[in-house]
Amino acid sequence: MKDKVVLIAGATSMIGTACAQLFTKHGMKVMLAGRCAHKLDNLAKTLKGRFELCVTDFCLAESVQSMIDQTISSFGRIDAVIYNVAVYPWKSIAELELVDWKETLNTNLTGAFLTTKSCSEIMRKQRGGKIVFISSSAGEIVGLPNMSAYAASKAGMNGLMRTAAIEFAPYNINVNSISPGKVYDPQTMNEEERRLKLSPVPLKRFIDPMDIAEMALFLISDKAKNITGQNFIIDGGQSILGEDAHCIWEINELNSLMMD
Ligand SMILES: NC(=O)c1ccc[n+]([C@@H]2O[C@H](COP(=O)([O-])OP(=O)(O)OC[C@H]3O[C@@H](n4cnc5c(N)ncnc54)[C@H](OP(=O)(O)O)[C@@H]3O)[C@@H](O)[C@H]2O)c1
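Predicted model only: the values in this text are computed from it and were never measured.

**Let's talk about the state of the cysteines**
The bond known as a disulfide is covalent and runs between the sulfur atoms of two cysteines.
Right, so step 1: If you walk through the whole model with that rule in mind, you get 0 disulfides.
Right, so step 2: No disulfide involves C19; its nearest neighbouring cysteine sulfur is the one of C119, lying 15 Å away.
Right, so step 3: On the basis of relative accessible area, C19 is assigned to the buried category, the value being 0%.
Right, so step 4: The thiol of C119 is not disulfide-bonded; the next cysteine sulfur, from C54, is found 12 Å away.

**Re the pairing of strand β4 (residues 80-83)**
Right, so step 1: Alternating residues of β4 divide into A80 and I82 and V81 and Y83, and every residue in both groups is buried.
Right, so step 2: Examined bridge by bridge, strand β1 (residues 5-9) and β4 share 4 bridges and lie parallel to one another. Bridging across to β4, I8 finds its partner in I82.
Right, so step 3: Alignment of β4 against strand β5 (residues 129-134), held across 4 bridges, turns out to be parallel. Bridge pairing links V81 to I131 in β5.
Right, so step 4: Viewed along the sheet, the connection from β4 through helix α4 (residues 98-126) into β5 turns out right-handed.

What counts, and at which threshold
Residues numbered from 1 in each chain as written. Predicted model: local features only at pLDDT ≥ 70, side-chain atom pairs only at ≥ 80, totals over all residues. Heavy atoms only, no water. Disulfide = S-S within 2.5 Å. Buried < 20%, exposed > 50% of the residue type's maximum accessible area, 1.4 Å probe, protein only. Helix = DSSP H or I, 4+ residues; strand = E, 2+ residues; numbered from the N terminus. Pairing = 2+ DSSP bridges. Right-handed = clockwise from strand over helix to strand, strands pointing away.

See the structure below:
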C-alpha cells in the first residue's frame, strides 16, 4: 500500500481521523479534506507521514473539483477515496423541515456523487481505483426513528454504490460501502451506560473507529480486487438479531447462553 494516493473526504470525522492515522502509518500519500481549517490543522498535528490538507465543502461542486485538482497537482494520481462526510438531523418527520432534508441529502448523498464523479474521471484514465462510502445500517436494514433524512441519504448512497460498481467495473474501479454500527467512546460512559449500550450487541464489544478504518484499508488494497458493489456491516452482530431478540436481549441472558 506504500505510496498509494488516498483521498479522505471528511477527514476530521471520527472514522476519517482513524483512516488518516492508519493510512499514513502504512506509508500512503493522503489528502485530508474537511470543511473546517482548524480541525484539519489539529488532525495534522497528530499525524506523521505524507499528507496534505484541503478545506472543502462537499456540498459544492466547485469546492470538490478544486480539492481533486489540488490532489492531482500534489500527488499526481488518486488511487482510492473514502467518503465519510455526513450530517445527522435528529428530528421526527413531523418536525423535520425541508431545509434539513435538503441539507442532509446534499451533504451525505450529493457530496458522495460529486466526489465519485470527479474521482472516477481520474481513475478511468488510470484504469484503476477504489471508492469506499461510509454508509450506515440505517440505509439498508434497520429503521431508525428521527433519522428519516439520514436513512434516506444512506439508502441512496448504497444505490449509488451498486450502480457505480457496475458502470466502473470495465475500468477496474471497485466501489463498496461500509456500514458501521453505532461508534461510541466507552471512556465517556459509566459502567451502567456501557452495559446498556452493549446489551443489544451480541459480540459485547464497542465498535471502534479503527475497526472501520481497517476494513477500508482492506477494501482499497489489492487483496480486495474482486470485491465490488457490496455493503459491509460492522456492528458486532446487532443488525442480525430479530425483532423479538432486540426486545429481550439482555446481558444476563447472553451470559447464560455463553455458559451453555
Ligand atoms: N459514528 C457512528 O456511530 C456512525 C454509525 C454509522 C455510520 N456512520 C457514518 O460514518 C461516517 C463518519 O462518521 P463519524 O461519526 O466519524 O463522523 P462525524 O465525527 O460525525 O463527522 C462528520 C464529518 O462530516 C463533516 N462534514 C459535514 N458536512 C460537511 C460538508 N458540507 N463538507 C465537508 N465536511 C462536512 C464534518 O465536518 P465538521 O466537523 O467540520 O462539521 C465531520 O468531519 C459518516 O458518514 C456517518 O454517517 C457513523
